[in-house]
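Single-letter residue listing:
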Amino acid sequence: MNFDEPGRRIASPALIAIISATSFFYILQIIPITGFSIERFLALQPSLVLQGQIWRVLTYALLHDIHSPFHLLFNMLTIWMFGLELEQLWGTRRFVLFYIGSVILSGIISLGMFFLGDPQIIGASGAVLALLTAYAILFPDRQILLFFLIPVPVKIAVIIFGAVAIVGTISGSGNIAHLTHLGGIVAGFVILKSFPIFENLSRKISVASATLEMNRRIAEKSDRDRLWNETIDPLLAKISEHGIDSLTKDERRILEKTS
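Bear in mind the structure is a predicted one, so any value in this text is a computation, not a measurement.

1. Side note on the pairing of strand β1 (residues 143-146)
Sheet analysis places β1 next to strand β2 (residues 150-153), joined by four bridges and oriented antiparallel. Across the sheet, the residue bridging to leucine 146 is isoleucine 150, located in β2. Hairpin connection between β1 and β2: a loop of three residues separates the two successive antiparallel strands, and phenylalanine 147 in this loop has a positive phi of roughly 55°.

This is the structure:
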């Protein structure tokens, strides 16, 4: 990235909000008084989600492993690296919808961990891989440093991460939520490909809404015209012929109301 280019920014509204919120919750996690409660009520545990605590499919992405600061650092750095260009490309609204959607969808896919021991899942890694997947679809041959060391095209990096996630999910090895990582890749692909569908639906809703509003205004104008022709015109003619004092109290009220 060349940040000296005209118009190039090193931060954007959504990224600032995401990184700030996640860092704030990390601070709450490392404070003994609040840390236990935060993880207890916000981490994604499949069995609890299936019991109705559905907020966990979103809030788990705000938490990270306090014993490994690199968990938070790596995720936030990756979100910044790829999210900055995507937010500038899409706009803040679409970027936020993509990020939240990828967190939720990868969280829903992670419910399959119920059958693999029902662990507590935390971290924004699903959303990180969703962003990386979207970036790979849009810019497949861009070079990135895999693990900050090995230069590879971004599409190859996603394939490698996907393969590791599949093998890890099948083997069930380690304390890494491989299914969440795989869910992030799936979420990135599905949501990016769904944008045209949602945009087309949004346009249709906007057109339908505008049509309804236009019909409502036409109906209101028709009602006003009918009121004028049937009520106001005769009253004005009466005033013209006999003077305003010839109006009854009810007729005066009608004039005052319509004025």
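2. Details of a nonpolar patch on the surface
Side chains of Ile27, Ile30, Ile31 and Ile33 sit close together on the surface and give an oily, nonpolar patch of about 390 Å² of accessible area. Structurally, the position occupied by isoleucine 31 is in the loop between α1 (13-30) and α2 (32-42).

3. Thoughts on the side chain of serine 106
Structurally, the position occupied by serine 106 is in helix α6 (residues 92-109). Here valine 103 takes part through its backbone oxygen, which lies 3.1 Å from a polar atom of the side chain of serine 106.

4. Quick look at the pattern of salt bridges
By the definition in use, this model includes two salt bridges. A salt bridge links glutamate 85 to arginine 142; its shortest N-O distance comes to 3.2 Å. Of this pair, glutamate 85 sits in helix α5 (residues 69-90) while arginine 142 is found in the loop between α7 (125-138) and β1, placing the two residues 57 residues apart along the sequence. Here glutamate 85 falls in the buried class, since its relative accessible area comes to 15%. The partly exposed category is assigned to arginine 142, whose relative accessible area is 34%.

5. Some details on the packing of aromatic side chains
Tallied over the full model, the rule gives four aromatic pairs. On the basis of an interplanar angle of 70° and a centroid distance of 5.0 Å, the ring pair of phenylalanine 82 and tyrosine 135 is categorised as edge-to-face. Of this pair, phenylalanine 82 sits in helix α5 while tyrosine 135 sits in helix α7; the two residues are 53 residues apart in sequence, bridging distant segments of the chain. Exposure class is identical for phenylalanine 82 and tyrosine 135. Each is buried. Ring geometry for tyrosine 135 versus phenylalanine 139: centroids 4.9 Å apart, planes at 55°, classification tilted. Taking relative accessible area as the criterion, tyrosine 135 reaches 6% and is therefore assigned buried. In this structure phenylalanine 139 comes out as buried when scored by relative accessible area, which is 18%. Grouping aromatic residues by their ring pairs yields a cluster made of Phe82, Tyr135 and Phe139. Taking the ring centre of phenylalanine 139 as reference, the NZ or CZ of arginine 142 above it sits at 4.2 Å.

6. Digging into the nonpolar core
In terms of nonpolar packing, the biggest core is built from 47 residues, with Ile79, Trp90, Phe95, Phe98 and Tyr99 touching the most fellow members. Going through the elements one at a time, α1, α5, α6, α7, β1, α8 (154-171) and α9 (178-242) are the ones with two or more residues in this core. Contact partners of tyrosine 99, with chain neighbours within four places excluded, come to Ile18, Ile79, Ala124, Ala127 and Leu131. Membership of the second largest hydrophobic core comes to six residues, among which are Leu28, Leu42, Ala43 and Leu63.

What counts, and where the lines are drawn
Residues numbered from 1 in each chain as written. Predicted model: local features only at pLDDT ≥ 70, side-chain atom pairs only at ≥ 80, totals over all residues. Heavy atoms only, no water. Pairing = 2+ DSSP bridges. Helix = DSSP H or I, 4+ residues; strand = E, 2+ residues; numbered from the N terminus. Patch = residues over 30% accessible without salt bridge, like charges linked within 9 Å, V, L, I, M, F, W, Y side chains within 5 Å. Areas by Shrake-Rupley, 256 points an atom, 1.4 Å probe, with all protein chains shown as cover. Salt bridge = Lys/Arg side-chain N within 4 Å of Asp/Glu carboxyl O. Polar contact = N/O pair within 3.5 Å; in protein donor to acceptor, adjacent residues only side chain to side chain. Buried < 20%, exposed > 50% of the residue type's maximum accessible area, 1.4 Å probe, protein only. Phe/Tyr/Trp six-rings, centres within 6.5 Å; stacked < 30°, edge-to-face > 60°. Lys NZ or Arg CZ within 6 Å of the ring centre and 35° of its normal. Core = buried A, V, L, I, M, F, W, Y, C linked by side-chain atoms within 4.5 Å. Contact = heavy atoms within 4.5 Å.

The quantities given are spatial measurements derived from coordinates; they are silent on function.
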